[in-house]
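# Residue-level structure breakdown
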Amino acid sequence: MNDASLLPLMILMTPLCAAPLLFALPERSARLRTAINLGAALLKLVLVSWLSWKVSQGVIYDLRLTVLPGLEFNLQADPLAILFIALSAVLWLITTVYAVGYLEKGPHRARFFGFFSLCVAATVGIALAGNLFTFLIFYEILTLATYPLVIHYGTAAALRAGRIYLIYTLGGGLVLLLGTLGLWVLAGSTDFVPGGILAGVAEDSPLAAQLLFLVLIIGLGVKAALVPLHSWLPIAMIAPAPVSALLHAVAVVKAGAFGIMRVVYEVYGIETAQLLGLTTPLAVLAAVTILYGSIRALGQDDIKRRLAWSTVSQVSYIALGIALASPIAAIGALAHLIHQGIMKITLFMVAGNLAEGRGIKKVSQMNGVGLAMPGSMAAFTLAALGMIGLPPLAGFVSKWYLAAGGLQAGQGWVIPLLLGSSLLNAAYFLPMIHRAWFRTPDTAPQQGLVRRRIGWMLAAPPIATAALVLIAGGLANAPFSPIEWTRFIVTLEYSQEAL
């Protein structure tokens, strides 16, 4: 181990070391728990910023520990890892502030924040994994760390949701384990390498390479919520709002989408994936998921379930952009990893605020809530319009690159797909915005509704992430924007001239 391997390890250890401290604290130690939570999140953000700068300067970070002959535990900080880990660092800090405010008087806070930190550590490991073996380890840790968060309330509905969540995600993990073993047998390695490691194998044994791809996509598709492997996601919405926000923005669903990126770009390589005919079925699967998720969202009165079905749809934009095998579409896919995260975390945090501040959990109860909670609903409105794809918000930028990439790849059907998806997004988001701002509040008393003032720790985070939605879209061409970093990543897979 040398100095160049210590920084990624320090980033991984930051939430990992915070977790046992948080578990050990008594429930009454609220201030110390908040200090540890925020201190760890801030430290991780500083370390990730430093790592990002060093990687942009060409420094290589690569930590390898031999587990078995030919099998290594490998952490590396490549540009793709930086993209994901930066999202994780920023949103962990914001979500931690929100979670502290949300659960300040709730039960089992030590347990909650302990597993919350483990969940973040697993996400860091997934981002920094330098091979599929290491990825699998953290992929499974993520499943086990998020289960207690899903069942946090301990109700019958929560326990049922947790069982379904475990069945799906552990099943997906087992399939991914089979895929990892298959990759090791076929290629003699599980390393993530730009351009892929299977070109020679695919030439000699194309059927084996195709079957392996199917196994890997099934294993990753569960967490990425690809149809028909998606059913756990709307059910898991029983979890507290900070957990829903984290699951949908940066942790579980993004782990699946990020894994698909690694497999297509760095296990197969985009050229090999195309030659084997793997990208077209993946694009079709993503397109079906995009439409199906949006259609199901239309019929949901429960706010969090509507947002969950929206996630099923929106995360598949990433798979679509990868499968189009176009450098411009790849920029859209990578950018949407960030953009979907900041938009969806905003929506879920506002959903939590509506429940905490007014007891509102259904779309049909949102009449006039914009005037009662203007800051939260303004944030919700910005994020929802971004999801629809309204310029100049972040979602518009993603969709623009995906559409241009579809044309570049000669896949003109992507245009009506994106237009249809945006119309469906508008059909389930605009009625919520209309109810909140233009409907008169209901005067008849409704069961469960309350009137409480929410504190700044609940009010500020969604406003901050909504501002990011505006900045990421409005300043998309700025040198510090996510789009510029994604351009840099795409040049590693495609030639500069292709952009």
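Only a predicted model underlies this, so the values are computations on that prediction, with no experimental measurement involved.

Within the protein chain, the secondary structure is distributed over 21 helices and two strands. Relative to the compact-globule value of 23 Å for 499 residues, the protein chain shows a C-alpha radius of gyration of 22 Å, a close match. Along the first, second and third principal axes, the C-alpha atoms of the protein chain reach 70 × 55 × 45 Å. The 499 residues of the protein chain split such that 60% are buried. Long-range contacts, defined here as pairs at least 24 residues apart, represent 79% of the contacts in the protein chain between residues at least 6 apart. On the protein chain, roughly 18400 Å² of surface is accessible, and the fraction owed to carbon and sulfur atoms is 68%. Taking the 29 positively charged and 19 negatively charged side chains of the protein chain as two groups, their mean positions are separated by 20 Å.

Another aspect to go through is the confidence of the model for the protein chain. On average, residues of the protein chain score 91 in pLDDT, and 96% of them reach the 70 mark or higher. Looking over the protein chain, one finds the lowest element-wise mean pLDDT in helix H10 (residues 241–249), namely 80, and the highest in helix H17 (residues 374–388), namely 97.

Going through the model one piece at a time under the given rule, you end up with seven salt bridges. Across the pair Arg-109 and Glu-27 runs a salt bridge whose closest N-O atoms are separated by 3.5 Å. Here Glu-27 lies in the loop between helix H1 (3–24) and helix H2 (30–56) and Arg-109 lies in helix H4 (residues 109–128), a separation of 82 residues in the sequence. You can call Arg-109 buried: its relative accessible area is 14%. The shortest N-O distance in the salt bridge between Arg-64 and Glu-72 comes to 2.6 Å. The network of salt bridges with shared partners includes Asp-62, Arg-64, Glu-72 and Asp-191.

To continue, consider helix H3 (residues 79–102). Compared with an ideal rise of 1.5 Å per residue, which puts 24 residues at 34 Å, H3 spans 34 Å between its outermost C-alpha atoms and is within 8% of the ideal. Within H3, 22 of the 24 residues are buried, which leaves it mostly tucked inside the rest of the structure.

Our next topic: the environment of Gln-76. Among the structural elements, Gln-76 can be located in strand E2 (residues 71–76). Using a relative accessible area of 13% as the deciding quantity, one classes Gln-76 as buried. For the pair Gln-76 and Arg-64, spaced 12 residues apart in sequence, the C-alpha separation works out to 8.6 Å.

Let us look at the side chain of His-230. Mapped onto the secondary structure, His-230 falls in the loop between helix H8 (206–221) and helix H9 (232–235). A relative accessible area of 6% means that His-230 is categorised as buried. Excluding residues within four positions of it along the chain, His-230 makes contact with Ala-225, Tyr-292, Trp-309 and Val-312.

What the rule picks out here adds up to 17 aromatic pairs. Centroid distance Phe-112 to Phe-116: 5.5 Å. Interplanar angle 20°. Geometry classified as stacked. Here the residue Phe-112 and the residue Phe-116 both occupy positions in helix H4, the gap between them amounting to four residues, near one helical turn. An aromatic cluster of at least three residues, connected via ring pairs, comprises Phe-112, Phe-113 and Phe-116. Across from the ring centre of Tyr-139, 3.8 Å away, lies the NZ or CZ of Lys-223, which sits over that ring.

For the rest of this paragraph, the subject is helix H13 (residues 279–298). Between its first and last C-alpha, H13 extends 29 Å over 20 residues, near the 28 Å set by a 1.5 Å rise per residue. All of the buried residues along H13 are Thr-279, Leu-282, Ala-283, Ala-286, Ala-287, Thr-289, Ile-290, Gly-293, Ser-294 and Ala-297. On an axial view of H13, the arc spanned by its buried residues comes to 160°, and they lie on one face. Where H13 is buried, its residues meet H8, helix H11 (252–268), helix H12 (270–275), helix H14 (303–323) and helix H19 (414–438).

Rules used in this analysis
Residues numbered from 1 in each chain as written. Predicted model: local features only at pLDDT ≥ 70, side-chain atom pairs only at ≥ 80, totals over all residues. Heavy atoms only, no water. Helix = DSSP H or I, 4+ residues; strand = E, 2+ residues; numbered from the N terminus. Rg over C-alpha atoms; globule rule 2.2 N^0.38 Å. Buried < 20%, exposed > 50% of the residue type's maximum accessible area, 1.4 Å probe, protein only. Contact = heavy atoms within 4.5 Å. Areas by Shrake-Rupley, 256 points an atom, 1.4 Å probe, with all protein chains shown as cover. Lys, Arg positive; Asp, Glu negative; His and termini not counted. Charge placed at Lys NZ, Arg CZ, Asp CG, Glu CD. pLDDT = per-residue confidence, 0-100. Salt bridge = Lys/Arg side-chain N within 4 Å of Asp/Glu carboxyl O. Expected span 1.5 Å × (residues − 1). Phe/Tyr/Trp six-rings, centres within 6.5 Å; stacked < 30°, edge-to-face > 60°. Lys NZ or Arg CZ within 6 Å of the ring centre and 35° of its normal. Arc of directions from axis to C-beta.

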